[in-house]
Amino acid sequence: MNSIGIIANPASGKDIRRLVAHATVIDNNEKINIVERIILGAQQNGVEKIYMMPDPYNMGYRVEDKLKTSGELKCEIEVFDFFKEDTVEDTYKAVRLMNKKNAGCIVTLGGDGTNRAVAKDIGDIPMISISTGTNNVYPDMIEGTIAGIAAAVVASHKFEKEVYSNRDKIIEIYAAGQLKDIALIDAVISRDVFVGSRAIWKVEDIEKIFVARSHPASIGFSSVVGGKIIITEEDDFGAYISIDKDAPKIKIPMSAGIVLAIGTSTPVILKFNEDYTFTTYCRGTIALDGEREIEFHKDQAFTFKISRNGPWHVDVKKAIEVGQKNGFFMVLE
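Let me sum up the structure you'll find in this document. As the structure is a computational prediction, the values presented were derived from the model and not from experiment.

## Here we look at the sheet that holds strand E15 (residues 276-279)
Two orientations exist for strands paired in a sheet by backbone hydrogen bonds: parallel and antiparallel.
Stage number 1. Across the sheet, which stays open at both edges, the four strands sit in the order E8-E7-E18-E15 with antiparallel pairing between neighbours. The sheet is open, and its two borders are formed by strand E8 (178-183) and E15, each paired with just one other strand. Strand after strand, the sheet turns through a mean of 25° between neighbouring axes, direction not considered.
Stage number 2. Pairing of strand E7 (residues 170-175) with E8 involves five bridges; the strand directions are antiparallel. By the bridge assignment for E8, Glu-172 is matched with Ile-182.

If you want it as structure tokens, here you go:
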């Protein structure tokens with residue numbers, strides 16, 4: 001049975017950065033519309049089962065009701081039945097269950113943080129990432145119907161995933177020799193303590209920024225490095241910089257509508273599996289893909305490493321091209 005999973009984060013696009021910047025807010029009604037289009041595109045191309053994460057807004061059940069009422073639902077939707085914590089733990093649980101169900105592809109609706117959470121447990125399932133905001137680097141702005149069609153190509157298992165997807169780089173963070181966490185795009189060491197919002201936005205509190213990729217056309221912390229060096233998804237390295245208020249400043253798009261002049265050191269290249277160890281000298285936090293996740297105290301040592309141990313990230317256009325060239329969309333009379 002061809003199946004896909006959908007992770008729609010009801011909290012994405014609603015953090016404090018929307019209050020201090022001019023970022024787009026996509027409400028949950030629009031996310032429901034996107035999920036509907038994903039399902040309609042997927043079921044018309046052979047997907048028979050959809051797995052969805054439960055959420056406090058009941059997006060999965062609302063989509064099912066709307067498509068049943070309109071008579072458009074042809075596949076089966078299963079919203080996982082587990083105790084909701086209304087935290088990132090729900091994402092972890094849903095992805096693990098999608099692995100157990102052998103979902104052929106997982107489609108995410110959310111930002112860098114949502115995709116990072118999915119990436120931690122996705123294993124070898126290919127992922128399609130749809131951006132639901134403006135402060136994102138990892139996910140793409142993709143029409144839901146097109147994402148659903150691409151997911152159907154992937155879930156058909158007719159093509160090797162190396163043909164339409166690439167294994168992503170990640171930043172691995174170690175403490176005491178053990179893997180502590182990962183980031184898909186950037187890891188930021190900040191002197192800001194973990195209070196209030198998880199989102200990080202105060203540049204003046206930042207010590208160092210590590211990136212797996214960087215570009216001056218991005219929004220956020222990876223653009224700080226991108227102002228000095230462009231690192232693509234294909235490059236077999238990452239980099240880090242230090243914030244230096246006395247260094248020559250460059251203008252950086254830190255958030256939607258906000259451009260700041262920031263002084264930084266020269267980027268230092270981190271080759272694959274090369275270690276950089278940072279020993280803390282005060283209290284603070286490490287933000288992963290824009291959200292503070294790791295608290296630290298004085299004299300703790302953290303090691304940062306770039307690897308290609310991330311998820312299989314689907315190139316949506318390439319997946320559809322592969323299907324087209326191989327007759328996947330042919331109608332058999």
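Don't stop here, the text continues.
## What about the pattern of salt bridges?
Stage number 1. Under the definition given, this model contains 20 salt bridges.
Stage number 2. The shortest N-O distance in the salt bridge between Glu-76 and Lys-49 comes to 3.3 Å. On the criterion of sequence distance, the pair formed by Glu-76 in strand E3 (residues 76-79) and Lys-49 in strand E2 (residues 49-52) is long-range, its members being 27 residues apart.
Stage number 3. On the basis of relative accessibility, which here comes to 10%, the residue Lys-49 falls in the buried class.
Stage number 4. Between Asp-121 and Arg-96 there is a salt bridge, with its nearest N and O atoms 3.6 Å apart.

## A short note on the packing of aromatic side chains
Stage number 1. Under the counting rule described, the total for this entry stands at eight aromatic pairs.
Stage number 2. Ring centres 5.7 Å apart and planes at 10° place the aromatic pair Tyr-51 and Phe-80 in the stacked group. Of this pair, Tyr-51 sits in strand E2 while Phe-80 is found in the loop between E3 and helix H4 (88-100), placing the two residues 29 residues apart along the sequence. Considered together, Tyr-51 and Phe-80 belong to a single accessibility category, that of buried residues.
Stage number 3. For the ring pair Tyr-240 and Tyr-276, a centre distance of 4.4 Å and an interplane angle of 40° mean the geometry is tilted. Here Tyr-240 is found in strand E11 (residues 237-242), whereas its partner Tyr-276 is found in strand E15, with 36 residues between them in sequence.

The rules behind the values
Residues numbered from 1 in each chain as written. Predicted model: local features only at pLDDT ≥ 70, side-chain atom pairs only at ≥ 80, totals over all residues. Heavy atoms only, no water. Pairing = 2+ DSSP bridges. Helix = DSSP H or I, 4+ residues; strand = E, 2+ residues; numbered from the N terminus. Axes fitted to C-alpha atoms, helices over the stretch in contact; angles between N-to-C directions. Salt bridge = Lys/Arg side-chain N within 4 Å of Asp/Glu carboxyl O. Buried < 20%, exposed > 50% of the residue type's maximum accessible area, 1.4 Å probe, protein only. Phe/Tyr/Trp six-rings, centres within 6.5 Å; stacked < 30°, edge-to-face > 60°.

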